[in-house]
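Spelled out from the first residue to the last, the chains are:
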Amino acid sequence: SASWENKIRRKLEKSNQQLPDDLLLGLKFIFGPSAVPALDLVDQRSVTRVVSPSGRTAYQVLGSSGKLYTCYSSCHFCTCPAFGFTVLQKSESLLCKHILAVYLSQAMGACQELTVSEEQLTSILLAEEEDEG
Amino acid sequence: MAAALERALGPAGPEADASVPEAPLLVLGPAGSGRTALLLRAALAGGGDGPRALFLAPSAPSRLPEGGGGDPRALQRLELRYPPTLAALAQELGAMAARARPPGLLLLDGLEHYIQGGPSAPARLAALLLEASRAPRPPARLLAALRVPPPGPRVLPVLRRYFPAECRLRPLPGVPLRVNVRLVLPGSVPRGWRLRFEPHGGLNVTPGPGDGDGDEDEDGDGSGDEG
């Protein structure tokens, strides 16, 4: 677990973001296997906050496979298969790595921003569950 | 929407608390148990001074309610729209968000009709509704109805993740047009009413038992009552 924390620390130093040690440990403790992949996604600037003219928002997260997943803003929902399976069906996790990456990106100011039309935002919210690549 | 339901149906009886916390509310009941009538009554509660309400369903109800407490202004603040598909529903919700003054109540009838697609479909539908009720402006109260038995064994547990409050309609066996209503809120005592549907379209409401009368499988989903 020391090597795990060193790996996190190296990633964060590379991206010039400092998370306090106790926060890192907290992330690992609560989110387990999602924590490191989520921090990877933040590091890679994979999270985009999408806004429409009315002020509706959604998040798009570019997965490691190159697939784009949609996460909702005001409740937990993600189009990735892990959300449907591990969170909803098995109740093994509170959230998937993409939702965690959204929270972390918001907290760390690492979201990209994109403005779209109302119709485009509706399409994004209707995006079907994606298969893992 | 839970508080609005209690306003619509009146005090639930001597064991009711003074206030019912607001929460997105799921209305469950078999065919013919009065889900649509209950939603419309909740929409019209408060008479002419109540909030504007948007009622969405796959098709028009067979009967519109008599005005809220006899106040014709109540019907004026009710908007009815009938998106036939999930895509059309999403567009209605998007259009709602774009209005200068979005409605204060959002009601969806016929959840079972809109659950289309893969295993995440119930979650996506619930999330779409929550999203529409919460953003971008001050939240609208949300009430949605599902006919039971649900269209699959995983539908109800998933919907319950998004709807903390639940209202179950149970027709009384052997007594036509009479329905028991039980409102379940987390951390709160269940509340109950009895409904009687009158031949001319009226609805008579009285406080009733909140304890579910000791029955099982209220949801009709094949599993025992999860309480």
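Residues numbered from 1 in each chain as written. Chains lettered and ligands numbered in written order. Predicted model: local features only at pLDDT ≥ 70, side-chain atom pairs only at ≥ 80, totals over all residues. Heavy atoms only, no water.

Helices and strands together make up the secondary structure of chain A, namely 6 helices and 4 strands. When the elements of chain A are put in sequence order from the N terminus, they spell out α-α-α-β-β-β-α-α-β-α. Taking all 133 residues of chain A together, the buried fraction comes to 44%. Of all intrachain contacts in chain A linking residues separated by at least 6 positions in sequence, the fraction that spans at least 24 positions is 59%. As displayed, chain A offers around 6,700 Å² of accessible surface, 52% of which is attributable to carbon and sulfur atoms. (Helix = DSSP H or I, 4+ residues; strand = E, 2+ residues; numbered from the N terminus. Buried < 20%, exposed > 50% of the residue type's maximum accessible area, 1.4 Å probe, protein only. Contact = heavy atoms within 4.5 Å. Areas by Shrake-Rupley, 256 points an atom, 1.4 Å probe, with all protein chains shown as cover.)

The feature "domain: SWIM-type" (unreviewed entry), as annotated in UniProt, sits at residues 69-107 of chain A in this numbering. The span residues 69-107 of chain A shows a helical share of 51% and a strand share of 10%, and its end C-alpha atoms are spaced 20 Å apart. (UniProt positions renumbered as here; feature names shortened; annotations may be inferred.)

By a frequent convention, interface size equals the accessible area lost on bringing the separate parts together. Tallying the contact residues gives 22 residues for chain A and 23 residues for chain B. For the chain A face of the interface with chain B, the top three residues by lost area are A:S74, A:L88 and A:L126, together amounting to 28%. One can count 1 salt bridge joining chain A with chain B. Across the pair B:R124 and A:E128 runs a salt bridge, and its minimum N-O distance is 3.7 Å. If you look at where chain A meets chain B, you find 8 residue pairs in polar contact (both at pLDDT 80 or more). Breaking the side of chain A that touches chain B down by element, the ones donating at least two residues are α4 (81-89) and α6 (118-125) of chain A. At 5 residues, α4(A) tops the list of elements feeding residues into the side of chain A that touches chain B. (Buried area = accessible area lost by both parts, 1.4 Å probe. Salt bridge = Lys/Arg side-chain N within 4 Å of Asp/Glu carboxyl O. Polar contact = N/O pair within 3.5 Å; in protein donor to acceptor, adjacent residues only side chain to side chain.)

Before going further, it helps to examine the pattern of salt bridges. Enumeration according to the criterion identifies 9 salt bridges over all chains in this entry. Between A:E113 and A:R49 there is a salt bridge whose closest N-O contact spans 3.1 Å. Residue A:E113 is found in strand β4 (residues 112-115), and its partner A:R49 is found in strand β1 (residues 47-51); the two are separated by 64 residues along the sequence. Looking at A:E113, the relative accessible area reads 52%, which means it is exposed. Members of the salt-bridge network, linked through shared partners, are B:E79, B:R81, B:E92 and B:R99.

The subject of this paragraph is the packing of aromatic side chains. All names here are of chain A. For the structure shown, the criterion picks out 2 aromatic pairs over all chains. Ring geometry for Y72 and F77: centres 5.0 Å apart, planes at 65°, overall edge-to-face. This pair shows no difference in class: Y72 is buried, exactly as F77 is. Geometrically, the ring pair formed by F77 and F83 is edge-to-face, given 5.6 Å between the ring centres and 80° between the ring planes. For the pair formed by F77 and F83, the shared burial category is buried. (Phe/Tyr/Trp six-rings, centres within 6.5 Å; stacked < 30°, edge-to-face > 60°.)

Residue and element names in this part refer to chain B. Spatial strand order, β3-β2-β4-β5-β1-β6-β7-β8-β9: 9 strands in an open sheet with mixed pairing. Each edge of the open sheet is held by one strand with a lone partner, namely β3 (78-81) and β9 (203-207). Across the sheet, the mean angle from the axis of one strand to that of its neighbour is 20°, orientation sign disregarded. Of the pairings in the sheet, the one linking strand β6 (residues 165-171) to strand β7 (residues 178-184) comprises 6 bridges and is antiparallel in character. In the sheet register, E166 faces β7, and the bridge partner there is V184. (Pairing = 2+ DSSP bridges. Axes fitted to C-alpha atoms, helices over the stretch in contact; angles between N-to-C directions.)

Our next topic: the sheet that holds β1(A). Residues and elements named next belong to chain A. An order of β3-β2-β1-β4 is seen for the 4 strands of this open sheet, with the pairing classed as mixed. Each edge of the sheet is formed by a strand with only one pairing partner; in this case those strands are β3 (68-72) and β4. When the angles between neighbouring strand axes are averaged without regard to direction, this sheet yields 30°. Pairing of β1 with strand β2 (residues 57-62), which is carried by 5 bridges, proceeds in the antiparallel orientation. Considered in β2, the bridge of V50 is made with A58.

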